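Observations on the model geometry
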Amino acid sequence: MTSKQQQPAAAPPPLPPSPVLPPPNASPKNFFFGDKPVWEDLTFRDFFLDQFLHGKEIIRNQSTVRQQGPSSFSHSLQVLGTVLGYVPSQCSEWLDLPGIREQQHLVPYMQNLVQDMMALTRPNGLPSKLSSDEQVVEILTNLKTRITMLPVGGFMLIPGGWFENKGDEEYVPYPVLYLLERKAESLFSFAIINTNTDGIGYHPISADTPYTMKYRRSLVFEDVSKERLFDSSFWHLLTRAQAIPSSAHSAEYVYQTLLPYLSQRPLTATINDNTDGGSVRNLHYQIMPHNGDPSLIHALVEALQIMLIRRGLSARHCHYFALILRWQMVLIMHKDLETLSYNLNEADRRVVRIAGQHLAAYTAEATQPQLDPSQPPIITVSLLNQVYTYLDALAKRIHGMDTMSAAVDVPQLNVRPVEFKPMPMFDSFRRDENVEPLAGPAEIPPIFRPVQFTLVADSVDDFPSLAEALHHADNICTLLSYQQSQIRYTSALSVALIQHVFTQVVPIPLSWGHPRIAQCMYQQPIRYEAQLEILRCIHHLTTHFAACSMSLMSNKAFDSARILTMAAMTCVADAVIRMRASDVPSMFSLHLNGTAPQTPRFFLQPYGIDMSVFRVQSEFLVFLSPDLVATRTRILDYFTVQRDQVKDDHILFNFEVSMQPGSMSKLLEQVCWEIGFPSHAVHLYLTNDKTEIMYNYPELEYYRDIVFLFKYLATPTAENLPEIKMWMQKDVRLSWTYNDKEGYIVSAFGGKQLKCSHPPPTGADTRDFWSKLFRRGARSGPSGADPTALAGEAIEVEEDVLHVTTLPTFNGKLSQSASELLISYLTVPYLRIPLVLNFFASPQHINVLGTYELQSVLDSVLFEPGQWHPPYDKKVPTTIPAEDRNFLATSLGLLFNELKMSPHAIMKPLSDLLEYALELDPGRFTEETGAIILYVIRLVVRIEAFMLFIINHQLWDKTQINSTRWRGFVRGLESTDEQVQLMRDKRREIREILNEQVFPMLERWTDAALKLDQLSTACVLHAHMAYLYAHIPYEEMNRQNVITLMTSQMFLNSHYTFNEPEGKSKMKRAASKAQGQALGIPDTELFDLFQKQRGPMLKWLEADTEECSEVMEAITRMITLTGGRVKSPDSVLQNRFWRSIDGMHCRGRFMPHSDERTLEEQAKAEAERIFKRGVDVADTEVNIQLGTFTLNTTPIERLDEQVSNMQDFKDVFGEESSQMACAPVKMTTKRYWVRLVGMRYDVQLWRPDERPILSTFGKKYSPESLHGSDRWVAVILEPWRASRVLGTTELYFAGHSDANVARLVGIDSAIDPAAAEQKEEAPKDKSDHCFECKSKFGITGRHHCRRCGHSVCGNCSSKA
C-alpha cells in the first residue's frame, strides 16, 4: 500500500480553476489545515460522512474519545472560524442574491461569535475539575460580566454538558452548546443545542419513517429574566455539571432541575412551546447524527442556524447558509487535492466521493418546495450549474468516469444506521444445495384441551353450587398446569381464577352471633360427603394457588392479594369443617367445634385458629380493589369473634410462634378417646405416621395443610419462601415429620423445609412487634406511608419531623419544606388521605407523581387499610393525648371510611388531579408526562371502584342470602342516601371524563406508538385502555369497552412478556419495588381484570349476535393491523356471523360462520355441547377465555426470545424487536419458522445439528500438532482464528493434507447440543492457562464463562 502511494500520479481529468485560498500555514508544501489533507480531518468527515458511513470508519486514523469539558469544541471552532473567514471573499456570488445580500454582515458576526466562544474553551475560560475556589469565582465573575455586557439583539455561545455514569466509576462526557440571546434590556432567551443521544429525549420528537425519528436539536427557553440569568449560583451549577464527573451531573439534572429554573415553568411547557404550532421559532425536525457528533460540528452549525432563525430568517435561508459552509469546505478539499502528489488509496477516494455525493444531495434539497413551501428556492440555476460542473469534474478525476451520475444520484440521507458488509472470501464457504431435508420432520402438534373459565359461576348461594364452582376451578387449574407448552402464563391465569373464586364468588361466612346469621349460606344443612368434597376441593385449590403464586415475581400489591386469598380459603375451610353434617356428622368436626356430646372425661370446648398476626399484617397490605378490602374485614370478623370464644389453651396450628403440637395433642386425644384409637404419641397422628385418624377423617389432613400453607405464605420474611420457578401442584404436596427438638417439620417445593415461625422476643409487646415488622417491610418492602421508612429516622408523631436534619427529596422532586409537609401528614393516619391527596392535587406538586417512590406513597396512603377495629364498641379516650390510637381504627379501611364519612374531601382533589393531569397532555406519549397521566388514570379508576362498591351495596336487597362483593353484609359500609347520591353524581362525572377525554387520548397515543413501532409503549397504553374498564358493570358495557378489553388482552398476549419464568429458569425472590409491573399496572392485577370481566363480556356478546359479529370483525381488523375499531365506510366486506365453537369447554371460542342460526337451533346446540368435542379452527378464532387470536390455524404469539435478543436482529428491527408478534409458518424438529405480523419478513431459527462427526474427520485441528507438509494449513488458518471470524468453531481434519488441499469440518462449540443440556452455570474450568491464548494466568486475571465453563484471561475476555 505504501509503495503504491509513492508512485507518480497519472494524468487525471483536470479540475476547474483552483480557488484562491491561501492556506493558514506559511509553508506552501503543507495542506490547508496542516500536514494532513482535509478529508482526513475529524470535523470534515463528521460533517460530510455521518449519514453515509457508520462507526469508526468515519474517523479513521483519529481518536474518537471526546475531550472532557469546553476543550472538546476547540478543533471544530478553529475549522469553522477559518471557513467563515473565507466565505465573504470566496462565496461572493453566493451572498449577492436577493434576501441574502441584506444579511451579509451576519457572516463576520458569526465568525466573531465563534472566536468569542474559543476564548471560553481555553484554560480558565470556564471552570474545570482542577480549578481552585478562587479561580472558579474569578471565572464566573468574568462570564457574568460578558453576559451583562451583551447588547440587545446580541448572541453568545457557551459550551456545556454533563456526564453519564457507565458504572464502575466510569463517566462519559456529553458536550452540548448553550446559545444566549438578549431580546430586551431585562429579557433573554436561552437555547440548549444537543446532538447527543443522551438527553435528546427531552426535546420534541417526530416520526420520519417507521424506523427513524427526527428531533428538534435545539430547545429554546423564552422570556428568561436577567435576574435569573445573572444568578452566579445558576452558572456555577451549570458549569460544574460539565466539569465534575458525578452520577448527579446527568442530563436529567440539567434538563429537569437547572434549566426550568430560568423560565419558572415546567419542562413540559417549554417542550410544547418548541413543537409545531408552539410559540418558539425553531428549526425543522432533523435526524440525529448517526455517530453522535464526535467533532461537535453539527452542534455548532445548528447554533448558527438558530441565530439566523431568531434574527427573522426563514428555514430556507438557514439551509442555504449551511449549504454555503459545505461548498466552502469542498473548495478547501479542492485545494488539498491539487496539493496532492500521489494517487488516493481506495479509502480516501471513498471519502472524497461521498463528500461530493453529500454536497450534491444537500444542494438538491435547497430546490425542494417542502423545505419551506411559503418561499421559492434561493439558489439560482447559475450556482447549481457551478456545483454540478465541479462535481462532474471531481468524479472524473477520482473514478475516471464519464459522468457524475454516481455522485448526483445519491442515497437518501435518512437511511437507517444498519450497514451490511460482505465477508471477504465468504463465497468459498457457500454450499448451494437444498437444506429442506435438514429441517427434519414436522413437529407433532400438541393436543389442545380447551379451557373454559366461565364454567365457574358468578356467585354461589348453596352447597351444591359451591361444590360445582370449586370442582370447575380445580379442573381448570389442572388443565392449565399440564398445557404450559400450548397456553402461556398458566400460573398467572390460575392465580387470578382462584383469587376471583374466593374473593368474588364464594361467600365468607358471617361471624358467630351476627345479627344476619340466618342469611348465611353456612347455616344451611350439609351432607358429610358434600362437606368432605368441598374441603378436598379447597385443599386442591390451595396447593394449586401455592404452586402458581410461588411461580410469579412478587410486588406489594400481588403479595397482599396472595396472602388475603389464602386467608379466605382458610376461613371458608374452617367454616365448612366445623359444620355438623345432616346425615353422618364427623366426630373430628364435632370435637373441633366443641359440639360433641359432653363427657366427664373431657371438658369439651371449641378449638380455633389465632389470626392476630394476619390482623396486624393486613394493616400494611396494599389492596387496590374494594373486594379485597371487604374480604379482609369479613375474614377478621369471623376469626376474631371465634377467637373470643376459644380459650388460649385451645388454639390450634400456631405455626407462626412454634412448630410444637401444642393444643393439637389435646384435640387428637379427644378424637382417640371418642373412637378408641391408641392415645400414645398422639402428635404422630398429625404427620400420618399413625394413620388411623387421617384414614377415617381425611378432613383433618385437608384442614391441616390449608392452615399451614396460609401461614407459610404469610411468613414475614421472603427468604423463607421458595425460589421463583415454574412449580407444579405436585411440588406442593406437604411432607410432615416430627422430632422432639424442632417439633413438626414440613417439606415441599423440591424438599425445602418450610418455616413460618417468627416468634416475638421474650417480654416484647406482641402487637407492637408484628406491627413494626410488617410496616418496615420485612416481606415486600416498607410501607410507602411509613414516615420512619421514608426519613430513615424514627418518626412516630408530627413533632419528630422537626428533629430530622435532612428529609428525603425523592431525587430532587420535592424541596425540604414540601417534604416536611408531606411526611408530617403521614403521622396522622386517620386524616392522611385528604391531606396527602390535596398535597399532590396542586399545579406545583402533580409533576412529581411521575416518580415511582411518590406513587408508592400515595398508593399506600389510599389503599393500605390501616388498623382494623373489631366488631365491638369503641373505647372513647378519656385523656389527651390518648394512650393509644385504637379509637382511630376503622372496620373497613381508611379509604372506605373517608368516602363514607367525608366524600367531598376525596372528590374535590380527585377531580383536580384528573384535570391537572389531562392539561399535561403533550399530544403523544412521553416518559415524563406520560408516567404522571397514566398514574392519575389508575388512581381515579381504582377510587371509582370503591365508590361503585358503596353505591351498589346501598341498592342491594338486604333480604337476600349473604354473598360476596357488595352483595353481602360487611361492617362499615352503611351510608346515607344523600352520601350515596353524591357519589353517584361524582362517579358519573368522572366516568364521562374517562370515556370522552381519557380514552380518545390513550387511543391516539397508541396509534402514534404503533406507527413508530414503539411496541413497548403500545403495550403500556393498551394495558391502561383496558384498565379504564376494569370495574365497569355489565349494565354499562358497550361495543367500545368490549372491543377495548378484548383487543388489549390479545395485544398484550402477543407482544408483552408477563412476569412468569419460562421453562426451568429460576429467579431469586427479591423484594423489588416494581417487579412484575413494567406496564405501570401490576401484571397480576391485569389478569384479575380480565378474569373479572370475562364472564360479563361473554354474556354481553351472546345477548346480541349482530353486535357480537361487529365486535369480532373489529378485533380481527385491529389485531391483523388491517383497520381500526370502526369499519371503514369504503369497505365492501360484509360482516360474517360469529358464534362459539360447538363442543365441550368451547363456549367463548368464537369463529365466523357463513350462516346465522335461529334461537331454536342455538338452544339445541348448547344442550348438546357437553356431548361433543370442539373442531379444529380452519379460519379465524377469537378466544375470550384465554385472550388469544388465531388466524388460519396459526395463533398470533410473541416472537421467540432467542431471535428477538440476537444483536443482528436488533440492529435491523430496533430494540422494540423484543415486542414483535409472529405466526408460525412451518415448524419442524430442527427449524423454527415464523412470519412477523404486519411485516413482510419471515424468520428462521435452526436448531443445532446433532449429527455425529463423520469418521473420516477424526483428527482435531490445533496448530501445535501440525508438522511437515501440514504446516501450511496453520499459516492460512491462524490469522482467521486470531481475528475471531471463526468464533468458537472447532475444526477437524480428514486424514492428512497434501501440498495443495486440506479438507476440514467445523463444529461450533457454542451451540453444541451437549452444551445446551448443561445446567444454568457450567462447572468452572480449573486450568492454569487461558483457553483462548494458552497464556498462564497472572496479572490479567481469570474470567469464567457461565455457558461453556472455560476460563480465559482478561485480554481474551475483553475481545469476546
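Just so it is clear, the structure is predicted and the values come from calculations on it, not from any experiment.

1. A look at the pairing of strand E3 (residues 187–193)
- The buried count for E3 comes to six of seven residues, which makes it a mostly enclosed element.
- Sheet topology places E3 next to strand E6 (residues 218–225); six bridges connect them, and they run antiparallel. Following the sheet pairing, Ala191 is matched in E6 by Val220.

2. Some remarks on the side chain of Asn282
- Mapped onto the secondary structure, Asn282 falls in the loop between helix H10 (267–273) and strand E7 (286–287).
- A polar side-chain atom of Asn282 sits 3.0 Å from a polar atom in the side chain of Asn274.
- Not counting residues up to four positions away in its chain, the partners in contact with Asn282 are Arg216, Ser218, Val220, Asn274, Ile306 and Ile309.

3. Quick notes on the packing of aromatic side chains
- Following the criterion strictly, the structure yields 38 aromatic pairs and no others.
- Aromatic pair Phe463 and Tyr522: ring centres 6.0 Å apart, planes at 70 degrees, arrangement edge-to-face. Highlighted residues: Phe463 in helix H16 (residues 463–481) and Tyr522 in the loop between helix H17 (490–505) and helix H18 (528–549), separated in sequence by 59 residues. Here Phe463 matches Tyr522 in class, with each residue buried.
- Relative to Phe1058, the ring of Tyr489 lies with its centre 5.0 Å away and its plane at 85 degrees, an arrangement referred to as edge-to-face. Here the residue Tyr489 occupies a position in the loop between H16 and H17, and Phe1058 occupies one in the loop between helix H38 (1039–1055) and helix H39 (1083–1103), the gap between them amounting to 569 residues.
- Here Tyr489 falls in the buried class, since its relative accessible area comes to 6%.
- For Phe1058, a relative accessible area of 4% gives the class buried.
- An aromatic cluster is built from Phe653, Phe655, Tyr703, Phe708, Tyr712, Trp727, Trp736, Tyr738, Tyr744 and Phe749, whose rings are joined through pairwise contacts.
- Over the face of the ring belonging to Phe453 we find Arg1094, whose NZ or CZ atom lies 4.2 Å from the ring centre.

4. Brief notes about a nonpolar patch on the surface
- Together, Val435, Leu438 and Trp1246 make up an exposed nonpolar region whose accessible area comes to about 250 Å².
- By the element assignment, Leu438 lies in the loop between helix H15 (405–408) and H16.

5. As for the sheet that holds strand E21 (residues 1242–1246)
- Taken together, four strands build an open sheet; the order of strands is E18-E19-E20-E21 and the sheet is antiparallel. A strand with exactly one partner marks an edge of an open sheet, and here the two such strands are strand E18 (1197–1198) and E21.
- Pairing geometry for strand E20 (residues 1231–1236) and E21, over five bridges, is antiparallel. Residue pairing for E21: Val1234 is matched across the bridge by Val1243.

6. Overview of the side chain of Ser824
- Within the secondary structure, Ser824 is located in helix H30 (residues 816–826).
- Residues contacting Ser824, with those up to four places away along its chain left out, are Glu798 and Val801.

7. Overview of the packing of helix H2 (residues 42–49) against helix H13 (residues 346–365)
- Put simply, H2 and H13 touch, their axes get as near as 9 Å, and they point 50 degrees apart. Between H2 and H13, the angle is such that the two are oblique. H13 is crossed by H2, and the crossing has left-handed handedness. Contacts from Phe44, Arg45, Phe47, Phe48 and Leu49 of H2 reach H13 at Asp348, Val351, Ile354, Ala355 and His358.
- Across the contact of H2 with H13, the residue classes break down as seven nonpolar, one polar and two charged.

8. Quick word on the nonpolar core
- One finds Phe502 and Met1046 to be the most contacted residues of the largest nonpolar core, which totals 247 residues.
- In this structure, Trp39, Leu340, Ala355 and Tyr390 belong to the second largest nonpolar core, which totals 82 residues.

9. A few points about the confidence of the model for the protein chain
- For the protein chain, the mean per-residue pLDDT works out to 82, and 83% of the residues sit at or above 70.
- Here residues 54–67 scores under 50 on pLDDT; set against residues more than four positions off or in separate chains, the count is 37 contacts.
- Ignoring residues within four places in sequence, the model shows residues 1311–1324, a span with pLDDT below 50, making 20 contacts including any to other chains.

10. Here we look at H17
- With 16 residues, H17 ought to run about 22 Å at 1.5 Å a step, and its terminal C-alpha atoms sit 21 Å apart, in line with that.
- Most of H17 is tucked away, with 16 of its 16 residues classed as buried.

11. Considering the sheet that holds strand E2 (residues 170–184)
- Taking strand neighbours across the sheet as the criterion, the four strands line up as E1-E2-E3-E6 in an open arrangement whose pairing is antiparallel. Each of the sheet's edge strands pairs with one partner strand only, and the pair in question is strand E1 (155–167) and E6. Pairwise comparison of adjacent strand axes, ignoring direction, gives a mean angle of 25 degrees for this sheet.
- Strand direction decides the pairing type here: E1 and E2, joined by 12 bridges, are antiparallel. Counted as the bridge partner of Glu164 is Val172 from E2.
- Each of E1, E2 and E3 touches helix H6 (residues 133–148); the most contacted strand, E1, lies at about 135 degrees to it.

Quick notes on the rules
Residues numbered from 1 in each chain as written. Predicted model: local features only at pLDDT ≥ 70, side-chain atom pairs only at ≥ 80, totals over all residues. Heavy atoms only, no water. Buried < 20%, exposed > 50% of the residue type's maximum accessible area, 1.4 Å probe, protein only. Helix = DSSP H or I, 4+ residues; strand = E, 2+ residues; numbered from the N terminus. Pairing = 2+ DSSP bridges. Polar contact = N/O pair within 3.5 Å; in protein donor to acceptor, adjacent residues only side chain to side chain. Contact = heavy atoms within 4.5 Å. Phe/Tyr/Trp six-rings, centres within 6.5 Å; stacked < 30°, edge-to-face > 60°. Lys NZ or Arg CZ within 6 Å of the ring centre and 35° of its normal. Patch = residues over 30% accessible without salt bridge, like charges linked within 9 Å, V, L, I, M, F, W, Y side chains within 5 Å. Areas by Shrake-Rupley, 256 points an atom, 1.4 Å probe, with all protein chains shown as cover. Salt bridge = Lys/Arg side-chain N within 4 Å of Asp/Glu carboxyl O. Axes fitted to C-alpha atoms, helices over the stretch in contact; angles between N-to-C directions. Parallel < 35°, antiparallel > 145°, perpendicular 65-115°, else oblique. Left-handed = near helix turned anticlockwise from the far one by under 90°. Nonpolar A, V, L, I, M, F, W, Y, C, P; charged D, E, K, R; others polar. Core = buried A, V, L, I, M, F, W, Y, C linked by side-chain atoms within 4.5 Å. pLDDT = per-residue confidence, 0-100. Expected span 1.5 Å × (residues − 1).

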